Amino acid sequence: MRTSWRDLAIGFLVFSVFVTFTSIIFINFERLRLGNAAILRSGAESLWSTHEIEIELLRLLKAMHRFQAPDPGVDLEALRLRLDILWSRLPPLLEGRDAAQLREASDVETLGARLSAALQEISDILDAPSVDAAAYARAMAGLEAFATPIRELSLVALHQTSQGHAELQRRLDDIYTAILMASCGLGLGTLGLITLLVFQLGRSQKLLDLKERANAQIEHLAHHDVLTGLPNRRLFNDRLAQSLAAAARRSSGVGLHFIDVDNFKAINDTFGHMAGDQVLQEAARRMAATMREVDTLARIAGDEFAAIQIDVATADGVVELSERLIRAFEQPFDVAGNDLQASISIGSTLFPDDGRTTERLLSNADVALHRAKQNGRRQGALFDEVMMEKEARRRRLGVRLEQAREHGELSIRYQPKFATADGRLMGFEALIRWDRSPHVEVSPTEFIPIAESNGSIVPIGDWVLWTACRDLAGSAARHRPDVTLAINLSPVQIQKEDCFRRFLKIVESLDFDPRRLEFEITETSLFNADTSTLANIRDLHDVGARICLDDFGTGYSSLSHLQALPLNSMKLDRGFVARLDDHRTQCICEGITALGHRLGLEIVGEGAETEWQYNELVRMGCDQVQGYYLGRPMPIEELDGFMARLARAPA
Ligand code: C2E
Ligand code: CA
Ligand code: CA
């Protein structure tokens, strides 16, 4: 639209310049033409005829004198010719275009008539068979008398002509001035238009520049992350495709790295989002400084980065960059005056060795990153085939797990716990089982993490609670209505805001006393605990359920949790129990037990497989013990018989 306006203005300008100049040329031309025509018409005709008559009169008189002499040079014939010529000059004077003007100034008509009569008289004399000399002399004298009036007439004509010229000149001057002014006006108008157009062009150029700059900015924003200024996922995808294509042409390699800031959520929750942003910016800066200009570092999601390393020949080169990036985090981050220790996990893969398509490489890097995190974070992992197979199995299981519940492949085993003081049965821990087929069992240590990563742990967890409450309400109630039911909770479950409400609904729907419930949570779930996790734990505790800290001493132990949370008991991890013959492990276990007791917690020793282990746990002061030695996890059908046997033979 704007362009068409400009085109219109230019068109108009060109048109007006054209009109101006053609007008000036045309007007000047017209002025000349008119001037000439006017000069021709302004009395010149009368002047010419009076002048002619004057000359011709003199010539005739001269010829008449010579004829009278006589002069052989002038005969009758020649005399007649002169007479006719003078006669022929009379009509233009009397009837010409200027005659009227001349007639006004003098009595031309009378003079003409008299002259004509005089000429007629001479003609008659000459026509006679013999010329009458006296009449001839008289006529000649009469003709001579005309010389003065004709001279006077000639002067009048001359005067009139020069007056007409002066008048004409004045009028022409007026026209010329008018034309000059009109030309100046047109010229000024054109100049104004040109200035306007130049100004307009300048302005639209400025607008165009502004637009270009805005477009460039929009373009930059579309391809870059605002916080760190790094390329975003879109640009990263483009660069990766380009890098792979170029590497394929040059037969070189490309390293792809997925980078994840470890426990970023905890940093955010503990220090606030501003601090989190600062960490991301500083992380981006440090990593970018570690890499070459030709390589690409991108921020592809919240705390996830990715790096494209071009022209890398071997896996060693890939690992080398990965290690350099990890080392870039050795120095603590200065966030609002606090020293903060951040770290990253990296998953790397190499083109073309590990895969040739972008999809394949992205998936490889993802698998490798997952492995690095599983291995305990703050490290890199390079993709390999074994990893790939494990990942493929993970994915297959993930898909199967979605339907496992509907297909009735999930079940629950119950493992008893006993009090060390009197050997009394205290409760059962519900442990999930997945029998994919009659002979293939998938361990919960394998499928629970999968369920956690794809979210299916939430419906599965609800199902476990519902099934276990229903089972224990029926079977156990007949013998021991007071035994407790321990349910394992995954961090993903307790993070859900509505976790408590859903659990309460399930328990109430089965009329199960919540005070008989015990929820086992791992330390790891508390490490990144957000407000909903803490609220859920408090709400469960408030309705009378017991809270047990599972696998104590294996994860990121933070004693502050022991202080801040409403805990009832603590489980000594079975890994410790398995190594109780080791002196140092013994010391650790004694320490944990003492600490727990000082905090008013019950200590449960799990994984007691032998009598010796059981006795050791009792000696250390464990309040309860659980393990194959005392009872294996069993299906609900066996629970009745198990409890009946216990009733018959008390420990
Ligand atoms: P956990 O909570 O530490 O459960 C105890 C594990 O130790 C169970 O393994 C149990 O069978 C095993 N165990 C018990 N006594 C002994 C013993 O004397 N020796 C040995 N070697 N092992 C013993 P399981 O059933 O394979 O479960 C593994 C883990 O899977 C559990 O560890 C728990 O973290 C998780 N899990 C099991 N069921 C559920 C569930 O319903 N929900 C959630 N979120 N996690 C579950
Ligand atoms: Ca447990
Ligand atoms: Ca445990």
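What you see is a predicted model, and the numbers here were worked out from it, not measured in a lab. (Residues numbered from 1 in each chain as written. Chains lettered and ligands numbered in written order. Predicted model: local features only at pLDDT ≥ 70, side-chain atom pairs only at ≥ 80, totals over all residues. Heavy atoms only, no water.)

### A look at the overall build of the protein chain
Part 1 of the reasoning: Along its length, the protein chain carries 25 helices and 17 strands.
Part 2 of the reasoning: Relative to the 2.2 N^0.38 estimate, which gives 26 Å for 651 residues, the radius of gyration of the protein chain is 62 Å and therefore markedly larger than a compact globule would have.
Part 3 of the reasoning: When its C-alpha atoms are laid out on the principal axes, the protein chain stretches across 200 × 55 × 55 Å.
Part 4 of the reasoning: When each of the 651 residues of the protein chain is scored for burial, the buried share is 43%.
Part 5 of the reasoning: In the protein chain, the proportion of contacts linking residues at least 24 apart, taken out of those at least 6 apart, comes to 69%.
Part 6 of the reasoning: Here the protein chain has roughly 34600 Å² of accessible surface; of this, 56% comes from carbon and sulfur atoms.
Part 7 of the reasoning: The average position of the 72 basic charges and that of the 91 acidic charges among the side chains of the protein chain differ by 2 Å. (Helix = DSSP H or I, 4+ residues; strand = E, 2+ residues; numbered from the N terminus. Rg over C-alpha atoms; globule rule 2.2 N^0.38 Å. Buried < 20%, exposed > 50% of the residue type's maximum accessible area, 1.4 Å probe, protein only. Contact = heavy atoms within 4.5 Å. Areas by Shrake-Rupley, 256 points an atom, 1.4 Å probe, with all protein chains shown as cover. Lys, Arg positive; Asp, Glu negative; His and termini not counted. Charge placed at Lys NZ, Arg CZ, Asp CG, Glu CD.)

### Describing the coordination of the calcium ion (ligand 3)
Part 1 of the reasoning: At the metal site, the calcium ion (ligand 3) is ligated by Asp 550 (OD), Asp 551 (OD), Glu 606 (OE) and Glu 606 (OE), and these contacts range over 2.1 to 2.8 Å.
Part 2 of the reasoning: Positions of the donor residues of the calcium ion (ligand 3), expressed as sequence spacing, correspond to D-D-x54-E.
Part 3 of the reasoning: A gap of 4.1 Å separates the calcium ion (ligand 3) and the calcium ion (ligand 2), which Asp 550 links by coordinating each metal. In this pair, Asp 550 is assigned in strand S13 (residues 546-552) and Glu 606 in strand S15 (residues 602-606), connecting sequence segments 56 residues apart. The burial state of Asp 550 is the same as that of Glu 606; both residues are buried. (Donors = N, O, S within 2.8 Å, 3.2 Å for Na, K, Ca; no water.)

### Examining the coordination of the calcium ion (ligand 2)
Part 1 of the reasoning: Every protein donor of the calcium ion (ligand 2) is accounted for by Glu 429 (OE), Asn 488 (OD1), Glu 520 (OE) and Asp 550 (OD), and the metal-donor separations fall at 2.1 to 2.3 Å.
Part 2 of the reasoning: Sequence positions of the donors to the calcium ion (ligand 2) reduce to the motif E-x58-N-x31-E-x29-D.

### Brief notes about the site of ligand 1
Part 1 of the reasoning: Within the structure, ligand 1 sits among 23 residues, and Gln 415, Arg 433, Arg 574, Glu 609 and Tyr 628 are positioned closest to it.
Part 2 of the reasoning: In the model, an oxygen atom of ligand 1 is placed 2.9 Å from a nitrogen or oxygen of the Arg 433 side chain.
Part 3 of the reasoning: Residue Asp 551 places a side-chain N or O atom 3.4 Å away from an oxygen atom belonging to ligand 1.
Part 4 of the reasoning: Protein chains shield 86% of the accessible area of ligand 1, which is 790 Å² for the free molecule.
Part 5 of the reasoning: Looking at the shell around ligand 1 element by element, the count peaks at 4 residues for strand S9 (residues 425-437).
Part 6 of the reasoning: Partitioned by chemical class, the residues of the shell around ligand 1 number 9 nonpolar, 7 polar and 7 charged. (Near = heavy atom within 4 Å. Polar contact = N/O pair within 3.5 Å; in protein donor to acceptor, adjacent residues only side chain to side chain. Nonpolar A, V, L, I, M, F, W, Y, C, P; charged D, E, K, R; others polar.)

### Digging into the domain arrangement of the protein chain
Part 1 of the reasoning: Per the domain assignment, the segments making up the protein chain are domain 1 (45-186), domain 2 (233-383) and domain 3 (409-648).
Part 2 of the reasoning: One C-alpha centre belongs to domain 1, the other to domain 3, and the line joining them spans 150 Å. (Domains from an automatic or database assignment.)

### Comments concerning the sheet that holds strand S7 (residues 380-382)
Part 1 of the reasoning: Taken in spatial order, the 5 strands make up an open sheet running S2-S3-S1-S6-S7, and their pairing is mixed. Sheet topology places strand S2 (296-301) and S7 at the edges, where each strand pairs with a single neighbour. Mean inter-strand twist for the sheet, computed between neighbouring axes without regard to direction, equals 20°.
Part 2 of the reasoning: Relative to strand S6 (residues 344-351), strand S1 (residues 254-261) runs antiparallel, the two sharing 8 bridges. Residue pairing across strands places Leu 256 opposite Thr 349, the latter belonging to S6. (Pairing = 2+ DSSP bridges. Axes fitted to C-alpha atoms, helices over the stretch in contact; angles between N-to-C directions.)

### Looking at the packing of aromatic side chains
Part 1 of the reasoning: Counted according to the given criterion, the structure contains 6 aromatic pairs.
Part 2 of the reasoning: Ring plane angle 50° and centroid distance 5.9 Å describe the contact between Phe 67 and Tyr 136, whose orientation is recorded as tilted. Residue Phe 67 is located in helix H2 (residues 44-68), and its partner Tyr 136 is located in helix H7 (residues 133-144); the two are separated by 69 residues in the primary sequence.
Part 3 of the reasoning: On the basis of relative accessible area, Tyr 136 is assigned to the buried category, the value being 3%.
Part 4 of the reasoning: Residues Tyr 614 and Tyr 629 carry aromatic rings whose centres are separated by 5.8 Å and whose planes lie at 40° to one another, so their mutual orientation is tilted. Taken as a pair, Tyr 614 in helix H24 (residues 611-620) and Tyr 629 in the loop between strand S16 (624-626) and strand S17 (634-635) lie far apart in primary sequence, 15 residues in all.
Part 5 of the reasoning: Overall, Tyr 629 belongs to the partly exposed group, its relative accessible area being 35%.
Part 6 of the reasoning: Geometry around Phe 333 places Arg 286 over its ring, the cationic atom sitting 4.0 Å from the centre. (Phe/Tyr/Trp six-rings, centres within 6.5 Å; stacked < 30°, edge-to-face > 60°. Lys NZ or Arg CZ within 6 Å of the ring centre and 35° of its normal.)

### As for the nonpolar core
Part 1 of the reasoning: One finds Tyr 414, Phe 428, Leu 465, Leu 485, Ile 487, Leu 517 and Phe 519 to be the most contacted residues of the largest nonpolar core, which totals 68 residues.
Part 2 of the reasoning: Here this core gets 8 residues from one element, more than from any other, and that element is helix H16 (residues 457-479).
Part 3 of the reasoning: Not counting chain neighbours up to four residues away, the residues in contact with Phe 519 comprise Leu 465, Ile 487, Leu 489, Phe 503, Leu 540, Ala 545, Arg 546, Ile 547 and Cys 548.
Part 4 of the reasoning: One finds Val 108, Ala 135, Ile 150 and Leu 153 within the second-largest nonpolar core, a separate group that totals 31 residues. (Core = buried A, V, L, I, M, F, W, Y, C linked by side-chain atoms within 4.5 Å.)

### Description of unusual backbone geometry
Phi is mostly negative for residues that are not glycine, and the peptide bonds are mostly trans.
Part 1 of the reasoning: Ala 69 connects to Pro 70 through a cis peptide bond whose omega is -10°.
Part 2 of the reasoning: The topology assignment puts Pro 70 in the loop between H2 and helix H3 (76-88).
Part 3 of the reasoning: Looking along the chain, the bond that leaves Phe 351 and enters Pro 352 is cis, with omega of 0°.
Part 4 of the reasoning: Among the structural elements, Pro 352 can be located in the loop between S6 and helix H13 (358-374).
Part 5 of the reasoning: Phi at Arg 378 takes a positive value of approximately 50°, unusual for a residue other than glycine.
Part 6 of the reasoning: Following the sequence through the fold, Arg 378 ends up in the loop between H13 and S7.
Part 7 of the reasoning: Positive phi, close to 50°, is recorded for Asp 551, a residue that is not glycine.
Part 8 of the reasoning: For Asp 551, the position within the fold is in strand S13.

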